[in-house]
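The chain contents come next:
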Amino acid sequence: VRHAQAGHNVDTALLDHPDNPLTDAGCAQAIAARDGKAGAAVRDADLVITSPLKRAMQTTGLLVGDSDKRVLVDALGTERRAATCDQGTPKA
């Protein structure tokens, strides 16, 4: 799963901030997508794969909702743009 609108998509200053979350509009986009083709694809999938970036996992969670869909978080799905916003959050 890719991601809905995140902070760096609307504010280029956030390109220098790691792991930007979804904006309110991005959350609304993902919720709306759940009722469309993207949601149907998720419902039909045996496994949903997403990157560990916060915005991708938020989008996936909103698409999956409260279903028992299996989700695999895999760093191979992470964007490769090399901007700071494409760096994940370090483990605590």
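A brief structural summary. These numbers were taken from a predicted model, which means no experiment stands behind them. (Residues numbered from 1 in each chain as written. Predicted model: local features only at pLDDT ≥ 70, side-chain atom pairs only at ≥ 80, totals over all residues. Heavy atoms only, no water.)

**Section: the environment of threonine 50**
Assignment of secondary structure puts threonine 50 in strand 1 (residues 48-50). Those residues within four positions of threonine 50 in sequence are excluded, and the remaining contacts are Val1, Ala56, Met57, Thr60, Val71, Leu72, Val73 and Asp74. (Helix = DSSP H or I, 4+ residues; strand = E, 2+ residues; numbered from the N terminus. Contact = heavy atoms within 4.5 Å.)

**Here we look at the packing of helix 2 (residues 24-34) against helix 4 (residues 54-64)**
Across the interface, helix 2 lies against helix 4 with an axial gap of 8 Å and an inter-helix angle of 35 degrees. In terms of crossing hand, the pair formed by helix 2 and helix 4 is right-handed. On helix 4, the residues touching Cys27, Ala30, Ile31, Ala33 and Arg34 of helix 2 are Thr59, Leu62 and Leu63. Within the contact of helix 2 with helix 4, the residues separate by chemical class into six nonpolar, one polar and one charged. (Axes fitted to C-alpha atoms, helices over the stretch in contact; angles between N-to-C directions. Left-handed = near helix turned anticlockwise from the far one by under 90°. Nonpolar A, V, L, I, M, F, W, Y, C, P; charged D, E, K, R; others polar.)

**Some thoughts on the side chain of threonine 23**
Looking at the secondary structure, you find threonine 23 in the loop between helix 1 (7-10) and helix 2. Overall, threonine 23 belongs to the buried group, its relative accessible area being 17%. At a separation of 2.7 Å, a polar atom in the side chain of threonine 23 contacts the side chain of glutamine 5. Discounting chain neighbours no more than four positions away, the residues touching threonine 23 are Gln5, Ala6, Gly7 and Val10. (Buried < 20%, exposed > 50% of the residue type's maximum accessible area, 1.4 Å probe, protein only. Polar contact = N/O pair within 3.5 Å; in protein donor to acceptor, adjacent residues only side chain to side chain.)

Treat this as a map of the structure, not an account of what it does.
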